[in-house]
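Next come the chains, spelled out residue by residue.
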Amino acid sequence: MTLDGNISRISEDDGEVLREIINTGNREAYRSVIPPEYFKDEVLPEGAVPELLASMDFYGFRHAGRLVGVAALTVEVEGVGRLRWMYVHPKFQRMGVGTALVRHLEEKAVEAGYTSMRLRTAEGAHWAISFYEKLGYGITGRNPRPWCADILMERAL
Ligand SMILES: CC(C)(COP(=O)(O)OP(=O)(O)OC[C@H]1O[C@@H](n2cnc3c(N)ncnc32)[C@H](O)[C@@H]1OP(=O)(O)O)[C@@H](O)C(=O)NCCC(=O)NCCS
């Protein structure tokens, strides 16, 4: 099933819903991947939204007016975009929302003159690695961290 909806920029008015999607999505997905001593119950704490929105371009997928998925685009190095904060609310996963957001950000990246897109995910996040591989991203490296290795992925645009 493909959910109908539209994608637009996120503003501070969406701040609470943005936090709910990211914190709920993160809890449900990563509690079993990140060791408890490193796990943050709220990866996006109250008060952190304005600075985050000012630091990168956040987009949201809205279904029937409700924000159900988010993703952000920033610059990694000159000519290379970086996809960040990719979260779809658990109730709306496997409906094409994540795919629509990634493709939208790739279009914005091309418009900005980027020739490739990079991202990082967690080694144990097999669902995320499958998702990005299906979208054409390949693994380019592995960066060990105390809590779990980062898997680096990239796609030419
Ligand atoms: C990863 C995530 C963004 C995918 O969003 P989504 O809207 O559910 O993805 P889509 O419906 O567009 O899925 C497209 C394809 O990706 C793959 N995929 C998506 N979720 C998957 C899962 N849980 N397990 C295996 N493959 C998966 C499938 O091939 C899927 O196609 P299919 O449904 O026809 O089989 C979403 O699961 C999520 O928010 N997870 C929690 C947060 C997270 O891990 N974010 C990534 C951080 S780097």
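Here the residue numbering is sequential within each chain, running from 1 through the sequence in written order. In view of the model being predicted, local features appear only for residues whose pLDDT reaches at least 70, and side-chain atom pairs are presented and counted only at 80 or more, with totals across whole chains, interfaces and linings using the full set of residues.

Visitor: Provide a residue-level description of the overall build of the protein chain, including the pertinent values.
Guide: Broken down by element type, the protein chain carries four helices and seven strands. Going from the N terminus to the C terminus, the protein chain shows its helices and strands as β-α-α-β-β-β-α-β-α-β-β. We compute the radius of gyration over the C-alpha atoms and compare it with the globule rule, which gives 2.2 Å times the number of residues raised to the power 0.38. Relative to the globule expectation of 15 Å for 157 residues, the C-alpha radius of gyration of the protein chain, 15 Å, shows essentially globular dimensions. Over its C-alpha atoms, taken along the principal directions, the protein chain stretches across nearly 40 × 35 × 35 Å. Neighbour density around each residue's C-beta defines its exposure: 20 or more other C-beta atoms within 10 Å make it buried, 12 or fewer make it exposed, and counts between make it partly exposed, where C-beta atoms are placed from the backbone. The burial tally for the protein chain puts 27% of its 157 residues in the buried class. Sequence separation of 24 or more characterises 63% of the internal contacts of the protein chain that already satisfy a separation of 6 or more. Only DSSP runs of H or I covering at least 4 residues are called helices, and only runs of E covering at least 2 are called strands; the numbering of each starts at the N terminus. Distance between backbone-placed C-beta atoms decides contact: two residues are in contact if it is within 7 Å.

Visitor: Can you tell me about unusual backbone geometry, naming the residues and giving the values?
Guide: The backbone of Ala64 shows a phi angle near 50°, a positive value even though the residue is not glycine. Here Ala64 is to be found in the loop between strand E2 (57-63) and strand E3 (66-77). Located in the positive-phi region is Trp85, a residue other than glycine, with phi close to 50°. Inspection of the secondary structure assignment puts Trp85 in strand E4 (residues 80-88).

Visitor: Go over the pairing of strand E7 (residues 150-156), please, and point to the residues and values.
Guide: Bridge count for strand E5 (residues 116-122) against E7 is seven bridges, and the pairing is antiparallel. Its bridge partner lying in E7, Arg120 is registered against Leu152. Any two strands between which DSSP finds at least two bridges are classified as paired. With five bridges connecting them, strand E6 (residues 138-143) and E7 associate as antiparallel partners. Bridging across to E7, Gly141 finds its partner in Leu152. Counting the residues that bridge the hairpin from E6 to E7 gives six residues.

Visitor: Which residues make up the pairing of E4, and what values go with them?
Guide: Where burial is concerned, most of E4 is hidden: seven out of the nine residues are buried. Direction of pairing for E3 relative to E4: antiparallel, over a ladder of seven bridges. Bridged to Ala72 within E4 is Arg84. Adjacent in sequence and paired antiparallel, E3 and E4 are bridged by two residues, among which Gly79 carries a positive phi angle near 85°.

Visitor: Lay out the environment of Tyr30 with the relevant residues and their values.
Guide: If you trace the backbone, Tyr30 turns up in helix H1 (residues 15-30). Expressed as a C-alpha distance, the spacing of Tyr30 and Ala125, which sit 95 residues apart in the sequence, is 7.6 Å.

Fair warning: the whole summary comes from geometry, so function is off the table for now.
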